[in-house]
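# Structural description and commentary
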Amino acid sequence: NPEHRRALLRNTQYLSKADPTFPGLLSSIAAPTLIAWGEEDRIVPPVDAGQFADLIRQSSVVLFPRCGHAVPVEKGEALADAMLAFLGEEDRYYE
């Protein structure tokens, strides 16, 4: 639905650009974080994944090819694999 898409785009742009507290919220994340992003995301461009990673300590970015904004829907199995790999790597922080 084009109206829903426009509303989602407006909300996302507000959070990431207009809200001056948003970067501070990201930089306050202390837990290891997996950032999953679609390479063809037209709602929040992939360049933002790098900006998120710059703000979140202990973060890793996985870009999914031929994928838009809905990574869990479009690339569910690949996302699950990436999450399992990430969680396996993160075990070392908790040993």
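Look a little higher up for the structure.
Residues numbered from 1 in each chain as written. Predicted model: local features only at pLDDT ≥ 70, side-chain atom pairs only at ≥ 80, totals over all residues. Heavy atoms only, no water.

## Considerations on the overall build of the chain
Looking only at helices and strands, the chain has five helices and two strands in total. Each of the 95 residues in the chain was classed as buried or not, and the buried ones make up 25%. Counting contacts in the chain only where the partners sit at least 6 residues apart, residues at least 24 apart contribute 65% of the total. For the chain, the exposed area adds up to about 6500 Å²; of that, 58% sits on carbon and sulfur atoms. (Helix = DSSP H or I, 4+ residues; strand = E, 2+ residues; numbered from the N terminus. Buried < 20%, exposed > 50% of the residue type's maximum accessible area, 1.4 Å probe, protein only. Contact = heavy atoms within 4.5 Å. Areas by Shrake-Rupley, 256 points an atom, 1.4 Å probe, with all protein chains shown as cover.)

## Notes on unusual backbone geometry
The backbone of Gln-58 shows a phi angle near 55°, a positive value even though the residue is not glycine. A residue is classified by how much of its surface remains accessible, and Gln-58, at 39% relative accessible area, is partly exposed. One non-glycine residue, Arg-66, lies in positive phi territory at about 50°. Here Arg-66 shows up in the loop between strand S2 (59-64) and helix H4 (71-74).

## Some remarks on helix H3 (residues 47-55)
For H3, every residue scored as buried is listed here: Asp-48, Ala-49 and Phe-52. Along H3, the residues classed as buried sweep out an arc of 105° about the axis, all on the same side. Counted as exposed and oriented over 90 degrees from the buried face of H3: Val-47 and Asp-54. (Arc of directions from axis to C-beta.)

## Re the nonpolar core
With nine residues, the main nonpolar core is built from Phe-22, Leu-26, Ile-35, Trp-37, Ile-43, Val-44, Ala-49, Phe-52 and Ile-56. At the level of secondary structure, the elements contributing two or more residues to this core comprise helix H2 (22-27), strand S1 (33-38) and H3. In this structure, Phe-64, Val-71, Leu-79 and Ala-82 belong to the second largest nonpolar core, which totals five residues. (Core = buried A, V, L, I, M, F, W, Y, C linked by side-chain atoms within 4.5 Å.)

## Digging into the pairing of S2
For S1 and S2, the ladder comprises six bridges, and the chain directions are parallel. Paired with Leu-34 across the bridge in S2 is Ser-60. (Pairing = 2+ DSSP bridges.)

## With respect to the packing of aromatic side chains
Evaluated as defined, the whole model comprises one aromatic pair. Relative to Phe-52, the ring of Trp-37 has its centre 5.1 Å away and its plane inclined at 80°; by these criteria the two rings are edge-to-face. Placement of Trp-37 in strand S1 and of Phe-52 in helix H3 is noted, with a sequence separation of 15 residues between them. Here the two residues Trp-37 and Phe-52 agree in accessibility, since each one is buried. (Phe/Tyr/Trp six-rings, centres within 6.5 Å; stacked < 30°, edge-to-face > 60°.)

## Details of the side chain of Thr-33
Turning to its location among the elements, Thr-33 is positioned in strand S1. Relative accessible area serves as the criterion here: at 18%, Thr-33 is assigned to the buried category.

## Quick word on the side chain of Asp-41
Locating Asp-41 in the fold gives a position in the loop between S1 and H3. Only 2.9 Å separates the side chain of Asp-41 from the backbone nitrogen of Val-44, close enough to count as a polar contact. When residues no more than four places from it in sequence are discounted, the contact partners of Asp-41 are Pro-46, Cys-67, Gly-68 and His-69. (Polar contact = N/O pair within 3.5 Å; in protein donor to acceptor, adjacent residues only side chain to side chain.)

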